[in-house]
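Single-letter residue listing:
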Amino acid sequence: MKSHLILIGYMGSGKSTLGCAVSYPLQQCFIDTDKWIEQKEGLTVSEIFATHGEAYFRQKETDCLKAMLLECAPRVLALGGGTPLRAENRELIKKLGFTVYLKAEPDTIYERLKDDTTRPLLQCDNPRERIRLMIAERDPIYREAADFILRVDDWDLRRLVNELQEAYGHEIAGD
Ligand code: S3P
């Protein structure tokens, strides 16, 4: 049996919102790994990118997954959108639990993030095109890492929480 419930997917797919919402009925602690890293570093993700560079941040993501392996009680984890890109992280994710890919179309993401200033990778001249290219590149990786895919373009929080709970419940029950 896999224990933690892990949410992966592109920036703005709703991992933190949905993860937090589903943690209540599941009665499991919720951890947003970006926030976990920010607390440890005493810097925001944007500040970490600006001060130490992306490679440093990516190492912190791996460190975070390793720390999560030591957690005994099942948790709900929302991972940063780039975490599954490292092969080493995908191995750790497999060991950690049941992984759900929150899949959204590029247009959905653009509409959600067009005014966002907290994602350093999207502070560019043409964020719409950047989103399209990055999703095309990452989608096969997210699929490979996932045990289950949940489409989130049609955002109905209650329905998505139920679907997530049901998929995870089957896993826990060993169905
Ligand atoms: C990133 C996603 C972000 C954050 C960082 C890099 C990415 O997390 O980790 O800005 O490479 O997709 P969210 O997916 O929570 O926005």
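Further up the page is the structure itself.
An account of the accompanying structure is given in this report. (Residues numbered from 1 in each chain as written. Predicted model: local features only at pLDDT ≥ 70, side-chain atom pairs only at ≥ 80, totals over all residues. Heavy atoms only, no water.)

Brief notes about the overall build of the protein chain
Here is the rule: Helix and strand definitions here come from DSSP, where helices need a minimum of 4 consecutive H or I residues and strands a minimum of 2 consecutive E residues; each element is numbered from the N-terminal end. Values of the radius of gyration come from C-alpha atoms, whereas the globule rule sets the reference at 2.2 Å times the count of residues to the power 0.38. Residue exposure (1.4 Å probe, protein chains only): buried if accessible area is under 20% of the type maximum, exposed if over 50%, otherwise partly exposed. In this description, contact between two residues means that some pair of their heavy atoms is separated by no more than 4.5 Å. Where accessible areas are quoted, they stem from the Shrake-Rupley method and a 1.4 Å probe; at the residue level, only the protein chains shown are allowed to cover.
On a plain count of helices and strands, the protein chain comes out with eight helices and five strands. Listing every helix and strand of the protein chain by position from the N terminus yields β-α-β-α-α-α-β-α-β-α-α-β-α. For the protein chain, the C-alpha radius of gyration of 15 Å lies close to 16 Å, the compact-globule estimate for 175 residues. When its C-alpha atoms are laid out on the principal axes, the protein chain stretches across 45 × 35 × 25 Å. The buried share of the protein chain, taken over its 175 residues, is 45%. In the protein chain, of all internal contacts separated by at least 6 residues, the share reaching a separation of at least 24 is 76%. Carbon and sulfur atoms make up 50% of the accessible area of the protein chain, which amounts to about 9000 Å² in all.

So, helix α1 (residues 15–26)
For clarity, the cut-off: Take the residue count of a helix, subtract one, and multiply by 1.5 Å to get its expected span.
For α1, with 12 residues, the first-to-last C-alpha span of 16 Å sits near the 16 Å given by 1.5 Å per residue. Looking at the buried residues of α1, the elements they touch are β1 (4–8), β2 (30–32), β3 (76–78), β4 (97–103), β5 (148–151) and α8 (157–173). Backbone geometry just after α1 places Q27 at a positive phi near 55 degrees.

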